[in-house]
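Residues per chain, in single letters:
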Amino acid sequence: MNYKIALIPGDGIGPEIVKEAVKVLDKAGEKYGFTLEYEKLLMGGASIDVHGIPLTDETIAAAKASDAVLMGSIGGDARTSPWYKLEPSKRPEAGLLKIRKELNLFANLRPAYLYEELKEACPLRDDIIGDGFDMMIMRELTGGLYFGERKTVEENGIRKAIDTLTYDENEIRRIAKRGFDIARKRRKKVTSVDKANVLDSSRLWRAVVEEVAKDYPDVELSHMLVDNCAMQLVRDPKQFDVILTENMFGDILSDEASMVTGSIGMLSSASLNETKFGLYEPSHGSAPDIAGMDIANPIATILSAAMMLRFSLDLDEAADAIENAVKQVLKDGYRTGDIMSEGCKKVGCREMGDLIAQRV
Ligand code: IPM
Ligand code: MG
């Protein structure tokens with residue numbers, strides 16, 4: 001089989017981590033009998049440099065025409081990069097938000113899993129880590145504060161900024177269904193996270209999630225306030241299976257969950273629409289401070305590529321092989337700087353990609 005993959009290397013460490021993911025994918029293709037045809041697309045700062053805007057209609061069309069999109073990361077250093085002198089709607093991040101919306105990628109899956117071998121890199125105490133943990137953050141990705149009306153005005157000489165948080169019940173229902181579907185394939189537990197003690201949008205969220213739960217009597221549902229969830233993630237992360245939450249809360253909690261797994265360099269993600277189509281990217285940013293130095297951790301991108309094989313292309317065996325290769329490389333003691341611990345062998349981005357590809 002041959003598949004068309006839209007490749008968006010992006011900015012910062014994006015190009016180098018995507019290169020390693022492609023290396024690993026091609027190895028899996030050789031072994032499992034499929035080929036991937038890549039079309040490189042510009043987005044974020046890389047697109048601004050060429051086209052003056054972070055996402056062109058051509059890029060959107062090419063992404064839509066592909067079987068799946070694999071992305072690195074976008075954005076630069078906001079203090080020094082000229083991209084941030086542009087108005088907010090023309091900055092790199094606006095391209096990412098636009099492609100999520102244009103492709104209707106409302107379901108963002110961010111698995112946070114503690115590898116046995118990375119216990120050393122986990123900042124939590126041994127008694128909290130226990131046998132490790134394995135959770136899936138289901139983040140709503142095309143609604144809420146990210147896409148509400150926003151403006152900055154001046155009233156009587158006082159500057160005022162307004163962001164609006166809106167959700168309708170259909171947006172909540174479709175992500176909730178996805179969350180329960182995923183939970184069914186896991187440990188059958190959904191923790192829905194909101195701020196229902198303050199926000200109307202959260203009260204509706206809670207009500208709709210309750211309605212959806214009626215169709216999933218085999219899945220246990222509980223609700224948690226977001227501030228408590230932030231605390232519980234470091235107090236007892238083992239309690240979580242699927243965390244279902246809205247866009248902004250999911251953004252914040254997924255960074256926290258990633259650190260609990262040792263490094264944000266390990267956290268993959270899939271953003272899906274109603275069909276099998278998806279965009280796959282590491283949950284971390286573009287780390288412009290270490291770009292081009294061959295020290296970035298490519299594992300989150302490689303694991304995102306594995307998710308792409310699993311969710312969009314139905315190549316489960318090949319996806320398993322990549323995930324096992326990552327486990328094996330950690331078992332063999334190889335680490336990039338961000339997950340380094342005593343007695344391990346420190347390797348760069350390229351070498352990590354080679355070592356994983358060898359083990360596929
Ligand atoms: C993420 C990122 C993005 C987000 C930024 C780059 C706009 O932090 O994917 O988590 O906030 O969604
Ligand atoms: Mg984020």
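These numbers come from a predicted model, not from an experiment.

A. Representation of the overall build of the protein chain within the structure. When helices and strands are tallied, the protein chain shows twelve helices and 14 strands. For the protein chain, the C-alpha radius of gyration of 20 Å lies close to 21 Å, the compact-globule estimate for 360 residues. By principal-axis analysis of the C-alpha atoms, the protein chain measures approximately 60 × 50 × 40 Å. By residue count, 54% of the 360 residues in the protein chain fall in the buried class. Expressed as a percentage of contacts within the protein chain between residues at least 6 apart in sequence, the contacts between residues at least 24 apart total 75%. If you sum the accessible surface of the protein chain, you get close to 15,800 Å²; carbon and sulfur atoms cover 50% of it.

B. How the structure looks around the packing of helix H1 (residues 14-32) against helix H10 (residues 299-311). Between H1 and H10, the least distance of the axes is 8 Å, while the angle of their chain directions is 45°. In terms of orientation, H1 lies oblique with respect to H10. The two elements H1 and H10 cross, and the hand of that crossing is right-handed. Here Ile17, Val18, Glu20, Ala21, Val24 and Leu25 of H1 come into contact with H10, specifically with Thr301, Ile302, Ala305, Met308 and Leu309.

C. Focus on the pairing of strand S7 (residues 158-163). Across the six residues of S7, zero count as buried, placing the element largely on the outside. Relative to S7, strand S6 (residues 150-155) runs antiparallel, the two being bridged by six bridges. Directly across from Thr152, in S7, lies its bridge partner Ala161. Taking the residues between adjacent antiparallel strands as the criterion, S6 and S7 are bridged by two residues, where Asn156 takes a positive phi near 50°.

D. How the structure looks around the packing of aromatic side chains. Overall, the coordinates contain three aromatic pairs when judged by the stated rule. Ring geometry for Tyr167 versus Trp205: centroids 5.7 Å apart, planes at 70°, classification edge-to-face. Residue Tyr167 is located in the loop between S7 and helix H6 (169-184), and its partner Trp205 is located in helix H7 (residues 200-213); the two are separated by 38 residues in the primary sequence. Residue Tyr167 shares its accessibility class with Trp205, and that shared class is buried. Between the aromatic rings of Phe180 and Tyr216, the centroid separation amounts to 5.0 Å while the plane-to-plane angle is 25°, which identifies the pairing as stacked. Here Phe180, found in helix H6, pairs with Tyr216, found in the loop between H7 and strand S9 (220-225); they are 36 residues apart in sequence, far enough to count as distant. The residue whose ring lies beneath Arg174 is Phe106, and the NZ or CZ to ring-centre distance is 4.1 Å.

What counts and what doesn't
- Residues numbered from 1 in each chain as written.
- Chains lettered and ligands numbered in written order.
- Predicted model: local features only at pLDDT ≥ 70, side-chain atom pairs only at ≥ 80, totals over all residues.
- Heavy atoms only, no water.
- Helix = DSSP H or I, 4+ residues; strand = E, 2+ residues; numbered from the N terminus.
- Rg over C-alpha atoms; globule rule 2.2 N^0.38 Å.
- Buried < 20%, exposed > 50% of the residue type's maximum accessible area, 1.4 Å probe, protein only.
- Contact = heavy atoms within 4.5 Å.
- Areas by Shrake-Rupley, 256 points an atom, 1.4 Å probe, with all protein chains shown as cover.
- Axes fitted to C-alpha atoms, helices over the stretch in contact; angles between N-to-C directions.
- Parallel < 35°, antiparallel > 145°, perpendicular 65-115°, else oblique.
- Left-handed = near helix turned anticlockwise from the far one by under 90°.
- Pairing = 2+ DSSP bridges.
- Phe/Tyr/Trp six-rings, centres within 6.5 Å; stacked < 30°, edge-to-face > 60°.
- Lys NZ or Arg CZ within 6 Å of the ring centre and 35° of its normal.

Purely spatial values, then, with no claim about function.
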